[in-house]
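Okay, here's what each chain looks like letter by letter:
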Amino acid sequence: MNQKPVLVPRSLVRGDKVAFVAPAGIARAADIFLAVRAIEQQGWKPVVMPHALGRYSGSVEERLDDFESALLDPEIRAIICARGGYGAIHLLDRLDRLPLRDDPKWLVGFSDISALHALMNRHRIA
């Protein structure tokens with residue numbers, strides 16, 4: 001079987017943009033603001049996506065828009081998911097259709113975010 005090679009996103013460097021998304025559900029604003037400060041201390045530029053701080057972290061469509069925008073933005077080099085949760089699986093179908101291999105990014109998250117990690121793995125992205 002001829003599989004595509006695994007793509008490894010490039011290492012982050014000072015000045016890179018790191019997006020915060022809430023693909024799974026409600027995220028505490030205080031937690032995101034603490035993480036934003038930590039990202040700034042590393043020399044990276046945090047980008048809090050528009051619906052990451054919503055009361056319900058946005059509808060499925062809003063969460064999809066945030067995540068898709070972060071994935072397709074060439075300036076964003078990593079995506080941090082604010083929390084895990086069942087809601088992440090609702091994004092898989094549309095995200096699966098994106099050209100994920102064109103510009104691979106680091107995806108950080110836990111719990112049900114593993115479904116998004118599995119999607120990246122399916123596309124052979126580390």
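Read on for a plain summary of the structure.

So, how was this worked out
Residues numbered from 1 in each chain as written. Predicted model: local features only at pLDDT ≥ 70, side-chain atom pairs only at ≥ 80, totals over all residues. Heavy atoms only, no water. Helix = DSSP H or I, 4+ residues; strand = E, 2+ residues; numbered from the N terminus. Rg over C-alpha atoms; globule rule 2.2 N^0.38 Å. Buried < 20%, exposed > 50% of the residue type's maximum accessible area, 1.4 Å probe, protein only. Contact = heavy atoms within 4.5 Å. Areas by Shrake-Rupley, 256 points an atom, 1.4 Å probe, with all protein chains shown as cover. Right-handed = clockwise from strand over helix to strand, strands pointing away. Expected span 1.5 Å × (residues − 1). Arc of directions from axis to C-beta. Pairing = 2+ DSSP bridges. Axes fitted to C-alpha atoms, helices over the stretch in contact; angles between N-to-C directions. Polar contact = N/O pair within 3.5 Å; in protein donor to acceptor, adjacent residues only side chain to side chain.

Right, let's get into the overall build of the protein chain. Of the regular secondary structure elements, the protein chain holds four helices and four strands. Ordered by position from the N terminus, the helices and strands of the protein chain form the series β-α-β-α-β-α-β-α. Its C-alpha atoms give the protein chain a radius of gyration of 14 Å, near enough to 14 Å, the size a compact globule of 126 residues would have. Counting only C-alpha atoms, the protein chain reaches 50 × 35 × 20 Å along its principal axes. For the protein chain, with 126 residues in total, the buried portion stands at 39%. Across the protein chain, every contact between residues at least 6 apart in sequence was considered, and the portion connecting residues at least 24 apart equals 79%. As presented, the protein chain carries roughly 7,000 Å² of accessible surface, and 55% of it is formed by carbon and sulfur atoms.

So, on to the pairing of strand E1 (residues 17-21). Of all five residues making up E1, four are buried, and the element is well covered by its neighbours. Since E1 and strand E2 (residues 45-48) lie parallel, the crossover through helix H1 (residues 29-41) that links them has a hand, and here it is right-handed.

With that settled, consider H1. If you check H1, its first and last C-alpha atoms are 18 Å apart, about what 13 residues at 1.5 Å a residue would give, namely 18 Å. Within H1, the full set of buried residues consists of Ile32, Val36 and Ile39. An end-on view of H1 places all buried positions within 65 degrees of arc, on one side of the element. Against the buried residues of H1 lie E1, E2 and strand E3 (76-81). Backbone geometry just after H1 places Gly43 at a positive phi near 95 degrees.

Read from one edge of the open sheet, four strands run E2-E1-E3-E4, paired in parallel fashion. Every interior strand has two partners, whereas the edge strands, E2 and strand E4 (106-108), have only one. The average angle at which neighbouring strand axes cross in this sheet is 25 degrees, direction not considered. Inspection of the sheet shows E1 paired to E2 by four bridges, in the parallel sense. Considered in E2, the bridge of Phe20 is made with Val48. H1 contacts E1, E2 and E3 of the sheet and is inclined by roughly 155 degrees relative to E2. Together, E1, E3 and E4 form the strand contacts of helix H2 (residues 60-72), whose direction differs from that of E3 by roughly 150 degrees.

Bringing the side chain of Lys105 into the picture now. Residue position: Lys105 is located in the loop between helix H3 (92-96) and E4. Looking at Lys105, the relative accessible area reads 5%, which means it is buried. Of note is the side chain of Lys105, whose polar atom sits 3.5 Å from the backbone oxygen of Leu71. A polar atom in the side chain of Lys105 sits 2.6 Å from the backbone oxygen of Asp73.

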